[in-house]
Amino acid sequence: MFPAWAMQAIWLLVLKFNLNFFFVGLKQQTLYFSHLTIVSMKRFIFSLLFFAFSFSIQAQDPNFSQFFASPLTLNPALTGKFDGSYRVAGNYRNQWPTINNAFTTYTASFDAGILKSRIPEIDQFGVGVMGFSDKSGNGVLQNNYAALSIAYHKGLDEDGFHQFGVGFQGTYLNKRLDVSNLKLEDMLQSDGFTGVTSESFTQQQISVSYFDANAGIFYNGTTDGENNFYAGASVYHLNRHKESYLKGEYLLEPRVTFQFGGRIPMGDLNSIHFSGNHSRQAGAKNTVIGGAYSLNVTADEINPTNVYLGSWFRFGDALIPYVGLEWGEFRLGASYDVNISQLKPGSNMRGGSEFSLIYTRAPRDPNAKKLNCPKF
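Computed from a predicted model, the values in this text were never measured in an experiment.

Caption draft 1: Layout of the overall build of the protein. In terms of helices and strands, the protein carries five helices and 16 strands. Evaluated residue by residue, the protein yields a buried proportion of 48% over its 376 residues.

Caption draft 2: Quick look at a negative patch on the surface. On the surface, Asp224, Glu226, Asp268 and Glu301 cluster together into a patch of negative charge. Among the structural elements, Asp224 can be located in the loop between β8 (207–221) and β9 (228–236). For Asp224, a relative accessible area of 47% corresponds to the partly exposed category.

Caption draft 3: Geometry of empty space enclosed by the protein. Counting across every chain of the model gives six cavities of 30 Å³ or more. One number sums up the size of the largest cavity: a volume of about 270 Å³. For the largest cavity, the lining is made up of 19 residues, of which Pro62, Thr73, Phe132, Tyr236 and Arg255 are closest to its centre. Where the lining of the largest cavity is concerned, the elements lending two or more residues are α3 (71–74), β3 (124–136), β5 (163–177), β8 and β10 (255–265). Among the residues forming the lining of the largest cavity, the class breakdown is eight nonpolar, eight polar and three charged. Space inside the second largest cavity adds up to approximately 80 Å³. Only β11 (270–281) and β13 (305–314) provide two or more residues apiece to the lining of the second largest cavity. In terms of residues, the lining of the second largest cavity owes the most to one element, β11, which gives three residues. Here the lining of the second largest cavity is built from residues that sort into eight nonpolar, three polar and two charged.

Caption draft 4: Spotlight on a nonpolar patch on the surface. A cluster of nonpolar side chains, contributed by Ile150, Leu156, Phe164, Val166, Phe168 and Ile217, occupies part of the molecular surface with about 520 Å² of accessible area. Top element by residues in the nonpolar patch is β5. It accounts for three residues. Topologically, Leu156 is positioned in the loop between β4 (141–155) and β5.

Caption draft 5: Here's a closer look at the layout of surface pockets. Counted as a void, the largest pocket has a volume near 1,700 Å³. Along the walls of the largest pocket sit 48 residues, with Asp83, Pro304, Glu326, Lys370 and Lys375 positioned nearest its centre. Only β10, β11, β12 (284–296), β15 (330–339) and β16 (350–361) provide two or more residues apiece to the lining of the largest pocket. Tallied by class, the residues present in the lining of the largest pocket amount to 20 nonpolar, 13 polar and 15 charged.

Caption draft 6: Quick look at the pattern of salt bridges. Scanning the model with the defined rule gives seven salt bridges in all. For Asp337, the salt bridge identified is with Arg93, shortest N-O distance 2.7 Å. In this pair, Asp337 sits in strand β15 while Arg93 sits in strand β1 (residues 86–95), placing the two residues 244 residues apart along the sequence. The same class applies to Asp337 and to Arg93, which are both buried. One salt bridge connects Asp123 with Lys154, and the closest N-O pair in it is separated by 3.1 Å. Linking Asp123 in the loop between β2 (103–113) and β3 with Lys154 in strand β4, this pair joins segments that are 31 residues apart in sequence. Classification of Lys154 by relative accessible area gives partly exposed; the value is 40%.

Caption draft 7: View of the pairing of β10. Two strands pair when backbone bridges link them, and β9 and β10 are joined in this way by nine bridges, in the antiparallel orientation. By the bridge assignment, Asn228 is partnered in β10 with Arg263. Strand direction decides the pairing type here: β10 and β11, joined by ten bridges, are antiparallel. When the bridges of β11 are listed, Gly262 appears paired with Phe274. With antiparallel pairing between neighbouring strands as the criterion, β10 and β11 make up a hairpin whose turn holds four residues.

Caption draft 8: Summary view of the nonpolar core. Counting 17 residues, the largest nonpolar core has Phe67, Phe68, Phe218, Trp312, Tyr322 and Phe376 as the members making the most contacts within it. Among the elements of the structure, β12, β13 and β14 (318–327) are those that each provide at least two residues to this core. Once residues within four sequence positions are removed from consideration, Trp312 is found in contact with Phe67, Phe68, Ser275, Val288, Ile289, Gly290, Gly291, Ala292, Ala318, Leu319, Ile320 and Tyr322. Counting eight residues, the second largest nonpolar core, distinct from the first, contains Phe64, Tyr145, Leu173 and Tyr210.

Caption draft 9: Here's a closer look at the side chain of Asp317. Here Asp317 is to be found in the loop between β13 and β14. In terms of polar contacts, Asp317 uses its side chain to reach the side chain of Asn339, at 3.3 Å. In this structure Asp317 touches Val338, Asn339, Ile340 and Ser341, once residues within four positions along its chain are discounted.

Rules and cut-offs
- Residues numbered from 1 in each chain as written.
- Predicted model: local features only at pLDDT ≥ 70, side-chain atom pairs only at ≥ 80, totals over all residues.
- Heavy atoms only, no water.
- Helix = DSSP H or I, 4+ residues; strand = E, 2+ residues; numbered from the N terminus.
- Buried < 20%, exposed > 50% of the residue type's maximum accessible area, 1.4 Å probe, protein only.
- Patch = residues over 30% accessible without salt bridge, like charges linked within 9 Å, V, L, I, M, F, W, Y side chains within 5 Å.
- Areas by Shrake-Rupley, 256 points an atom, 1.4 Å probe, with all protein chains shown as cover.
- Salt bridge = Lys/Arg side-chain N within 4 Å of Asp/Glu carboxyl O.
- Lys, Arg positive; Asp, Glu negative; His and termini not counted.
- Charge placed at Lys NZ, Arg CZ, Asp CG, Glu CD.
- 1 Å grid on protein atoms, 1.4 Å probe; cavity = no way out; pocket = protein on both sides within 12 Å on 5 of 7 lines; lining within 4 Å.
- Points joined across faces, edges and corners; volume = space filled by probe spheres on them.
- Nonpolar A, V, L, I, M, F, W, Y, C, P; charged D, E, K, R; others polar.
- Pairing = 2+ DSSP bridges.
- Core = buried A, V, L, I, M, F, W, Y, C linked by side-chain atoms within 4.5 Å.
- Contact = heavy atoms within 4.5 Å.
- Polar contact = N/O pair within 3.5 Å; in protein donor to acceptor, adjacent residues only side chain to side chain.

Here you go:
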């Protein structure tokens, strides 16, 4: 989603250059401008960028439909929360491709358990790193994140069937406007569009960087060692950093999320997975709930190949069909947002595609204790 602070920055730029414009013809996805004859207008922007921005003024941080496949963006307490030596995860999302590829998001993370010989075998101590990039308005606004996470999960019973964890995450962010993609009035000459402008921008006008702090808690358990269930909560932007390109007073509001889910075996070869996620930030809400059916197509209980078929639903926005494949130490997921909101005329019901890939290195010690970690 497109952050509100950036919308504020764009509008401040508009005011700075004494602009005046209005939108018509949304179905044609065309932007028109009005010109005040009373005031001498120096510059105006006519990019489709504003068409995309106008739909998400109240939206905040980027979100994945496959939230369960992006653990370190969901909850810092999920750091190291898996059964294995280490985990590598990657995600890609292209939102609203029919609106000039309005938003594209990439993330990659690595986390691992550490100090296993120095803590109780029913506990887990995890550390992780994450890189995150989000491009809005066909690359005009780019957000880059680098994060370091740490979490500790304490076993609540002698078998480790129940655990409670706490996690923290520190993030360095850089958010930058690429003015080379802006279209300005003096680029349009009598002989055509030149792409050359006399406008100049300083580094302070187009880039902002700061450190951010996030935290979360997480509980998971089982009744018989086969099923599992979990619930967690996280808060992002605890320090409420001031964000502005032009010395405005916008403070980044905290994002609070709640997640839950579980796995219910239906037999030796199949199971039902379900999960939900609710987040709230500055009045913007995002609720996703759904599930998937898993089938072991090779009937091999030691080295299974599982196929996942299911769907999630984002309230008031989209239906999200999902298909997944798990083999060996890999899990691949693909989903597609079928837009059912009031944006249908502009998006042609194409909310966006998303892909995830997770590699979890299995324990190499055959005698290592297997903990009941959630299967997302």
